[in-house]
Amino acid sequence: MKELETAFGKSLAENFSSEIQSSGFEVVDDLYARRVYSKDLWPRNLILDREASLPNDANIDAVVRPVEVGQISKLLKLANEMNWVVIPYGAGSSVCGSASAPSRSSAPKRPTLVLDLKKMDRIEALDEVSMVAKVQAGILGQVLEENLNARGFTMGHFPSSIYCSSFGGYLATRAAGQLSTHYGKIEDMVLSVEGVLPTGEIFATPLAPRLAVGPDWNHVFVGSEGTLGVLTSAWVKVHRSPQDRKFLGFHVASTPDALDGVRKWLQAGLRPAAVRIYDEEESKLLHGYKSGVKLIVVVEGDFPYVDFTMRELDKMASQLSGWENLGADPAEEWWAKRYDISYRQQQILSHRRMILDTFEVSTTWSKLPQLHLAVKAAAKKVSEGGLLVLLAHFSHFYHSGGNIYFTLCGRNPDEEGTEVFYDQVWNALLEACQEQGAAISHHHGIGRLKVAAFVRSHGVLYEALRKFKNELDPRRILNPENLGL
Ligand SMILES: Cc1cc2nc3c(=O)[nH]c(=O)nc-3n(C[C@H](O)[C@H](O)[C@H](O)COP(=O)(O)OP(=O)(O)OC[C@H]3O[C@@H](n4cnc5c(N)ncnc54)[C@H](O)[C@@H]3O)c2cc1C
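The text that follows walks through the structure, step by step, so that each part is easy to find. In this text, all values refer to a predicted model and were calculated from it rather than measured experimentally. (Residues numbered from 1 in each chain as written. Predicted model: local features only at pLDDT ≥ 70, side-chain atom pairs only at ≥ 80, totals over all residues.)

What about the overall build of the protein?
- A count of helices and strands for the protein gives 19 helices and 18 strands.
- Computed over the C-alpha atoms, the radius of gyration of the protein is 23 Å, within 12% of the 23 Å expected from 2.2 N^0.38 for a compact globule of 485 residues.
- Buried positions account for 47% of the 485 residues belonging to the protein.
- Long-range contacts, defined as pairs at least 24 residues apart, comprise 75% of the intrachain contacts of the protein with a sequence gap of at least 6. (Helix = DSSP H or I, 4+ residues; strand = E, 2+ residues; numbered from the N terminus. Rg over C-alpha atoms; globule rule 2.2 N^0.38 Å. Buried ≥ 20, exposed ≤ 12 C-beta atoms within 10 Å, placed from the backbone. Contact = placed C-beta atoms within 7 Å.)

As structure tokens, then:
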């Protein structure tokens, strides 16, 4: 209450508390919670924290935990009356700053609340005939998957952050799981969304397998990163739990050779669950290869599907030059440790002057090899005088192209201003990517990190988007500054 008084003034804090208490909300406003919820996992914030440049206070005033949609509606109406900022928050695993509160210095101070959705964590319905489930936004990915598994189903969405990210966060950021080549990204899974507009009205889009009633509101809200509405639940496709899973590994002469073979698989209609190509540098540094590249494949589904897909993949690979079949081991090893690597970044980021981040871009097949080379060349150029290693693997594939997942690790050449070095590196990589006509994000989203490139990528449509945001959220209540809105 004391902390709320500082932010809202005594009478407003009392009013706020009684409003909230009568609605059954949980409100937390101690300094520890406020600091934790001020930020997500954007490495730039972690760097600033490490170098102690962040103010020793929190950027938010309270964390509010609703249990049902009506409370959110009420809160947003109140926020409009009182001119509060509200940041929708799943699990805070964004790596782009999209769930980080705006900094206090950048705008006149407005009371800022984090709307933590984790208490809305149920599977509301499972239609086993249609194989669709209605899921609340705040459920953690791993809990959702375990609950579906217990009923014989899977969602097929396995991001590396599955233990520390929420269903609503997936929707809001257009996330991708490791098995997206088979199951699709979240935007391929969602059939209908429910939520609350910034001014408090509750909405739901129709549930249908396909429809010719545009515009498609699902895709207005999916990927809007908490700026256009609070998503409270969605209907998504689910699948029967796989009967079988098989693994394959290859040594391939070069990245372009590997890409060419995988393109042939995908365009022949084959859909392995995961295919990962590690480029020459990553194969050498992380996997001990002396030459060439490592390629791994996972196939899952019903027995006949897995048998057929494995046979066809193998048959086509045997006709490709420069491909050597290594059996199941390399892919099985990856499977056993598939969630480990992401959590090691904290170790590197704890060292002064070090930067570490990941950059995931996508383009069509004909442009993938050149995009790979161009981003690598940009990294080399920007790191002159400093140290920067850029590893890459290709990990999500489609009929018309795929993504490249770069891991950048470097050391600031100067004693101070590591965030300045971080920004220089990012600007150079994003520009190189846009020069190649590629998408600046395949699954992490935009947040506060990629705003300039986001504005460029929208061209004249950015202004249209800004006008839309202003109509929907005239007082700029919801996650202001995110996406540059
Ligand atoms: C170790 C690690 C591994 C990762 N691996 C992957 C990966 O494999 N694939 C991938 O796609 N991403 C990955 N990420 C990024 C991150 O996990 C995703 O962006 C995830 O979708 C964010 O979910 P969250 O619940 O943590 O969202 P948050 O970080 O809490 O929020 C992200 C954005 O969504 C908005 N938001 C959250 N919930 C709602 C809601 N209910 N309504 C409206 N807006 C909302 C927030 O305002 C914010 O703008 C990884 C991150 C880490 C740290």
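Concerning the site of the ligand
- Near the ligand, the surroundings consist of 38 residues, among which Gly-90, Gly-168, Gly-169, Ala-175 and Gly-226 are the closest.
- Contributions of two or more residues to the shell around the ligand are made by β3 (85-89), α7 (167-173) and β10 (230-237).
- Of the residues in the shell around the ligand, the class split is 17 nonpolar, 19 polar and 2 charged.
- Built from parts of two domains, the shell around the ligand gets at least three residues from each of domain 1 (2-118) and domain 2 (123-240). (Near = placed C-beta within 6 Å. Nonpolar A, V, L, I, M, F, W, Y, C, P; charged D, E, K, R; others polar. Domains from an automatic or database assignment.)

Section: unusual backbone geometry
- Look at the link from Gly-214 to Pro-215: it is a cis peptide, with omega at -10°.
- Residue position: Pro-215 is located in the loop between β9 (202-204) and α10 (218-221).
- Residues other than glycine seldom take positive phi values, yet Met-131 does so here, at roughly 55°.
- On the secondary structure map, Met-131 appears in the loop between β5 (123-127) and β6 (132-136).
- Given 13 C-beta atoms within 10 Å, Met-131 falls into the partly exposed group.
- Non-glycine residue Asn-479 carries a positive phi angle of around 40°.
- Looking at where Asn-479 falls in the secondary structure, it is placed in the segment after α19 (461-472).

Comments concerning the packing of helix α4 (residues 43-50) against helix α17 (residues 418-435)
- Running from N to C, α4 and α17 cross one another at 165°; their axes reach a closest spacing of 9 Å. Classified by the angle between their axes, α4 and α17 sit roughly antiparallel to one another. Regarding α4 and α17, the two cross each other, and that crossing is right-handed. Two secondary-structure elements touch here, α4 through Arg-44, Ile-47 and Leu-48 and α17 through Thr-418, Glu-419 and Tyr-422.
- Among the residues making up the contact of α4 with α17, the classes are represented as 3 nonpolar, 1 polar and 2 charged. (Axes fitted to C-alpha atoms, helices over the stretch in contact; angles between N-to-C directions. Parallel < 35°, antiparallel > 145°, perpendicular 65-115°, else oblique. Left-handed = near helix turned anticlockwise from the far one by under 90°.)

A short note on the sheet that holds strand β13 (residues 274-278)
- Here we have 7 strands laid out as an open sheet, ordered β15-β12-β14-β13-β17-β18-β16, and antiparallel in their pairing. Of all the strands in the sheet, the pair left with one neighbour each is β15 (323-327) and β16 (354-364). Across this sheet, the average inter-strand angle for adjacent strands is 25°, counted without regard to direction.
- The pairing of β13 with strand β17 (residues 387-394) spans 2 bridges and is classified as antiparallel. Across the sheet, residue Tyr-278 finds its bridge partner in β17, namely His-393. (Pairing = 2+ DSSP bridges.)

What to know about the sheet that holds strand β4 (residues 112-116)
- Spatially, the 4 strands line up as an open sheet ordered β1-β2-β4-β3, and their pairing is mixed. Across the chains shown, the open sheet's two edge strands, defined by having one partner strand only, are β1 (26-28) and β3. The sheet shows a mean angle of 25° between the axes of neighbouring strands, direction not considered.

Thoughts on the environment of Val-298
- By secondary structure assignment, the location of Val-298 is in strand β14 (residues 293-301).
- Spatially, the C-alpha atom of Val-298 lies 32 Å from that of Ala-432, the residues being 134 residues apart in sequence.
- In this structure Val-298 touches Arg-245, Phe-247, Pro-272, Ala-273, Ala-274, Ala-331 and Trp-335, once residues within four positions along its chain are discounted.

What to know about the pairing of strand β8 (residues 190-196)
- Among the 7 residues that make up β8, 6 are buried, leaving the element largely enclosed by the rest of the structure.
- Sheet analysis places β8 next to β10, joined by 6 bridges and oriented antiparallel. By the bridge assignment for β10, Val-193 is matched with Ala-234.
- For β8 and β9, the ladder comprises 3 bridges, and the chain directions are antiparallel. Across the sheet, the residue bridging to Glu-194 is Ala-204, located in β9.
- The hairpin formed by β8 and β9 contains 5 residues between the paired strands, and Gly-200 there has a positive phi angle of roughly 105°.

Observations regarding the environment of Phe-158
- Relative to the helices and strands, Phe-158 resides in the loop between β7 (153-154) and α7.
- Between the C-alpha atom of Phe-158 and that of Arg-338, which follows or precedes it by 180 residues, the distance is 9.9 Å.

Some thoughts on the nonpolar core
- Counting 71 residues, the largest nonpolar core has Val-297, Phe-406, Val-425, Leu-429 and Cys-433 as the members making the most contacts within it.
- In terms of residues, this core owes the most to one element, α17, which gives 8 residues.
- Residue contacts for Val-297: discarding those within four places in its chain leaves Leu-248, Pro-272, Ala-274, Val-275, Leu-313 and Ala-331.
- Within the second largest apolar cluster, 56 residues are counted, among which are Tyr-37, Leu-115, Leu-191 and Val-238. (Core = buried A, V, L, I, M, F, W, Y, C linked by C-beta atoms within 7 Å.)

Thoughts on helix α6 (residues 141-150)
- Those residues of α6 that sit buried are Gly-141, Leu-144 and Leu-148. With its buried residues spanning 65° around the axis, α6 presents them on a single face. Facing away from the buried side of α6 by over 90 degrees, the exposed positions are Glu-146, Asn-149 and Ala-150.
- Once α6 ends, the next one or two residues include Gly-152, with phi positive near 90°. (Arc of directions from axis to C-beta.)

Considering the packing of helix α11 (residues 255-267) against helix α16 (residues 368-382)
- At a minimum axis distance of 10 Å, the contact between α11 and α16 shows a crossing angle of 145°. In this structure, α11 meets α16 at a crossing whose hand is right-handed. On α16, the residues that touch Thr-255, Pro-256 and Leu-259 of α11 are Leu-368, Pro-369 and His-372.
- Considering only residue class, the contact of α11 with α16 consists of 4 nonpolar, 2 polar and no charged.

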